[in-house]
Structure formats: C-alpha cells, structure tokens
Amino acid sequence: MSGERPIPTYPDLAGQVALVTGGSKGIGAATCRVLAANRVSVAVVARSQSGIDPVVAELRQAGVEAIGISADVGEMSEI
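### A few points about the sheet that holds strand S2 (residues 41-46)
No. 1: Reading across from one edge, S1-S2-S3 is the order of the three strands in this open sheet, with parallel pairing throughout. For this open sheet the edge positions go to strand S1 (17-21) and strand S3 (66-70), each flanked by a neighbour on one side alone. Geometrically, the sheet is characterised by an average inter-axis angle of 20° between neighbouring strands, direction not taken into account.
No. 2: Bridge count for S2 against S3 is five bridges, and the pairing is parallel. Within S3, the residue paired with Val42 across the bridge is Ala66.
No. 3: Where helix H2 (residues 49-61) meets the sheet, it contacts S2 and S3, and its direction lies at approximately 175° from that of S3.

Here is the structure:
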C-alpha cells in the first residue's frame, strides 16, 4: 500500500478559474494540484516568485492553464 490518497474529483469545477493565496507550498500547493486535477485554471499567489514558478510549471506540465502572481496579500497595496 503506497499511502497515497486518491485525488477527489468534482466535475462541476472543470473550466472554472481559481486564485489560490499561499499557493507555493504546503496546503496551498496541494490545493492547486487538486484544482488542476479537476481541470480548473489556477492563479498561484505567494510572496516569493521562486516558490511560485515550480508549482506553475507542474500545473502546466499537467496540461492546465496556470499563472503565478507574486504578492503579499497581507499588504493592502499589493492586493
């Protein structure tokens, strides 16, 4: 047993667009992957572009439209 969980599928999400803050690591990156597996276009938002780029590349490799946005959503001027 590999210990990997199956990715949940939500057919109603296909074709939608999601913006995920904190999307470069941890729960945020996992959320991006689940959305991508459900054919959702994803905007990955985080403070560090160097953390965003690998996630965006992974999503694009999976055939999903993805962009990366470097911003600190705790700063009103960056929202």
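From this point, things continue past the structure.
### Thoughts on the pattern of salt bridges
No. 1: Across all of its chains, the model carries one salt bridge by this definition.
No. 2: With a shortest N-O distance of 2.8 Å, Arg33 and Glu58 are connected by a salt bridge. Linking Arg33 in helix H1 (residues 26-37) with Glu58 in helix H2, this pair joins segments that are 25 residues apart in sequence.
No. 3: The class of Glu58 is partly exposed, set by a relative accessible area of 36%.

Analysis parameters
Residues numbered from 1 in each chain as written. Predicted model: local features only at pLDDT ≥ 70, side-chain atom pairs only at ≥ 80, totals over all residues. Heavy atoms only, no water. Pairing = 2+ DSSP bridges. Helix = DSSP H or I, 4+ residues; strand = E, 2+ residues; numbered from the N terminus. Axes fitted to C-alpha atoms, helices over the stretch in contact; angles between N-to-C directions. Contact = heavy atoms within 4.5 Å. Salt bridge = Lys/Arg side-chain N within 4 Å of Asp/Glu carboxyl O. Buried < 20%, exposed > 50% of the residue type's maximum accessible area, 1.4 Å probe, protein only.

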